[in-house]
Number of protein chains: 2
Amino acid sequence: MEKTIVALDAMGGDNAPSQMVKGAVDAAGKNANVKVKLVGVQDILEKELSQYEYNREQIEVVHASEVIETGEPPVEAIRKKKDSSLVVAMNMVKEGEADAFVSAGNSGAILVGGQIIVGRIKGVERPPMAPLIPTANGVTLLLDAGANVDAKPTNLVQWARMGSIYMENVIGIKNPKVAIVNIGAEEEKGNALVKETMPMLKQLTDINFIGSIEARDIPSGGADVIVADAFVGNVILKLYEGLGMTLIKKIKAGLMSSFRSKIGALLIKPALKETMKSFSAEEYGGAPLLGCKGLVVKSHGNSTYKEISNSILQCITFKEQKINEKIKENISGEE
Amino acid sequence: MEKTIVALDAMGGDNAPSQMVKGAVDAAGKNANVKVKLVGVQDILEKELSQYEYNREQIEVVHASEVIETGEPPVEAIRKKKDSSLVVAMNMVKEGEADAFVSAGNSGAILVGGQIIVGRIKGVERPPMAPLIPTANGVTLLLDAGANVDAKPTNLVQWARMGSIYMENVIGIKNPKVAIVNIGAEEEKGNALVKETMPMLKQLTDINFIGSIEARDIPSGGADVIVADAFVGNVILKLYEGLGMTLIKKIKAGLMSSFRSKIGALLIKPALKETMKSFSAEEYGGAPLLGCKGLVVKSHGNSTYKEISNSILQCITFKEQKINEKIKENISGEE
């Protein structure tokens, strides 16, 4: 089978370049069908790589002299730093030298670059950031988690359809349930955007639209695909992370409150760790920016090699399942 | 000291009337300065009351023959059911026969009734629903959690000021930190509403405005008062509830996964329960609809006597601290 080629922005992210390089090695070891092009400062990357054993046909270093920092204004950074690892790696996707781009770097630059450098599939209005979020019984795809605030109803309709394609083909959920985030289940509830979008979603025959979902029902897995304006989507994603962290801290502190609970804590540690792992975003890799020509994946800024490895590996399924071809058929087909 | 008179909608909520009546008895027992007028079907309420010992000067039954159900369309229900417990109790606040209204009933009817029956303080544009949400180190006031979607910048500015008054005087946080929910800390981030509201908040000299807060930083207690459009606020409130429940369920299931963890679970049970209690909304009573003439408090639909009791008790502080007088001075004063 044809290898999936991933251009990895090896200089982006809190733990770059060491965890990026380690993630590439990990992914290559796990799947022979992937080739990672590590983009960044050659000397540094080669030195990092020299620590590992790996198949030389699966990992290659591509030199890029500049680095876009996390805090830089995105548009300016992309325009000025033509030889940054982020821009060089994105250009490789544009030129067909790579199938996918993965980065844990500057979020804004990834969003802007995805649209300006890699470019949108014809007919796609605004590519949404689409992370998988953990639920009681699996995962749910959230679109848009931060790319497009003040979205239009037609944007949300496209996201519902792209999300449905992704969940069915990448995650393997047959006929995924699609819902729109709302503040009540009743017909008359919602803001202007939801009220305008709702009838458009109801008319679609190519997705399994189940109506409104209240935020309360997201963690229990009430829907497989959830659409929302990026402001709301981002609040959901970030609150998920923040609330999880705070609850775990409080539980840990609570367990240290007495001798009895300290003993108990020792006994439950492995089980608790396993539970929290199933609720951690790390396990699911990065979030694709759906609807770009070629795959663009944004990993968390604090990604370790595990998340980077998962982000790289998910690119294989994305390519093999021909997600972009399916998006083209479904979205551009009707233009 | 003058008693605080609370009109309790004894027929509203999933656990009405039994838990409403029990909550009134509990509150009366805890504070001699409160008088509860139990509004609802007289026979039923008197029968419930007969189970308890209580000070007869602190609890009184006021008959109302009708009940507004949870699912009823709010505006229609309020217009048609003039003798419902909710409408009768609200009218008592309007007529000055009670200082405060408490209900666990139909949310929409409480919001609509608060505005139409009880009425807004002069100058207040749109009264926000303002629940306290638990954080790592205390509580944060969230406005608006569901009353006004598609809000205007001037609404959020008023909410910031009313919220600040509430936290300082009812909860006792000096110079509370006020923030606006945003999807990034950078100046250029945000949707149209946030971008327009931000400079207006920055200009205020009567509150301690600290800028943006990302949803990730809400649970750790990043701000004391948080303003957001009601759609976003409601998503935050509901996700808080839903995610907490799902995490606890998963942890409990995880603890049952091995013999070792089962033993540990027994040992940690008391400590875990205490921890979760501190993160439960029940402890903080209901949410006030701030800016009405007289206090309107909405308790959770599934409130038990504990939350009802806390909702009643918080009315005393609200009255004694003259919150509405302070809102009048601050909000109407400038009209």
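First, a word on what this report is: a plain description of the structure on this page. Bear in mind the structure is a predicted one, so any value in this text is a computation, not a measurement. (Residues numbered from 1 in each chain as written. Chains lettered and ligands numbered in written order. Predicted model: local features only at pLDDT ≥ 70, side-chain atom pairs only at ≥ 80, totals over all residues. Heavy atoms only, no water.)

1. Things to note about the sheet that holds strand 8 (residues 208-214) of chain A
Residue and element names in this part refer to chain A.
Item 1. Taking strand neighbours across the sheet as the criterion, the five strands line up as 5-6-9-7-8 in an open arrangement whose pairing is mixed. Among the strands making up the open sheet, the edge pair consists of strand 5 (132-135) and strand 8. Between one strand axis and the next, the sheet turns by 30° as a mean value, whatever way the strands run.
Item 2. In terms of strand pairing, strand 6 (residues 138-143) meets strand 9 (residues 225-227) through three bridges, oriented parallel. Of the residues in strand 9, the one forming a bridge with Leu 142 is Ile 226. (Pairing = 2+ DSSP bridges. Helix = DSSP H or I, 4+ residues; strand = E, 2+ residues; numbered from the N terminus. Axes fitted to C-alpha atoms, helices over the stretch in contact; angles between N-to-C directions.)

2. A short note on the sheet that holds strand 7 (residues 177-182) of chain B
Residues and elements named next belong to chain B.
Item 1. As summarised here, the arrangement of the five strands in space is 5-6-9-7-8, forming an open sheet in which the pairing is mixed. In the strand order of this sheet, the two ends are held by strand 5 (132-135) and strand 8 (208-214), each with one partner. This sheet shows a mean twist of 30° between the axes of neighbouring strands, independent of strand direction.
Item 2. Here four bridges tie strand 5 to strand 6 (residues 138-143), and the two strands are oriented antiparallel to one another. Bridging from a neighbouring strand, Thr 135 pairs with Gly 138 of strand 6.
Item 3. Running at roughly 150° to strand 6, helix 6 (residues 153-171) makes contact with strand 5, strand 6, strand 7 and strand 9 (225-227) of the sheet. (Contact = heavy atoms within 4.5 Å.)

3. Remarks on empty space enclosed by the protein
Residue and element names in this part refer to chain A.
Item 1. On inspection of all chains with the given rule, the structure shows one cavity of 30 Å³ or more.
Item 2. Residue lining of the largest cavity: Asp 9, Met 11, Gly 12, Val 67, Ile 68, Ser 85, Leu 86, Gly 105 and Asn 106, and that is the complete set.
Item 3. Of the residues in the lining of the largest cavity, the class split is four nonpolar, four polar and one charged. (1 Å grid on protein atoms, 1.4 Å probe; cavity = no way out; pocket = protein on both sides within 12 Å on 5 of 7 lines; lining within 4 Å. Points joined across faces, edges and corners; volume = space filled by probe spheres on them. Nonpolar A, V, L, I, M, F, W, Y, C, P; charged D, E, K, R; others polar.)

4. Some details on the packing of aromatic side chains
Residue and element names in this part refer to chain A.
Item 1. Applying the stated rule across the entire model yields two aromatic pairs over all chains.
Item 2. The interplanar angle of 50° and the centroid separation of 6.1 Å between the aromatic rings of Tyr 166 and Phe 318 together place this pair among those described as tilted. On the criterion of sequence distance, the pair formed by Tyr 166 in helix 6 (residues 153-171) and Phe 318 in helix 10 (residues 305-320) is long-range, its members being 152 residues apart. This pair shows no difference in class: Tyr 166 is buried, exactly as Phe 318 is. (Phe/Tyr/Trp six-rings, centres within 6.5 Å; stacked < 30°, edge-to-face > 60°. Buried < 20%, exposed > 50% of the residue type's maximum accessible area, 1.4 Å probe, protein only.)

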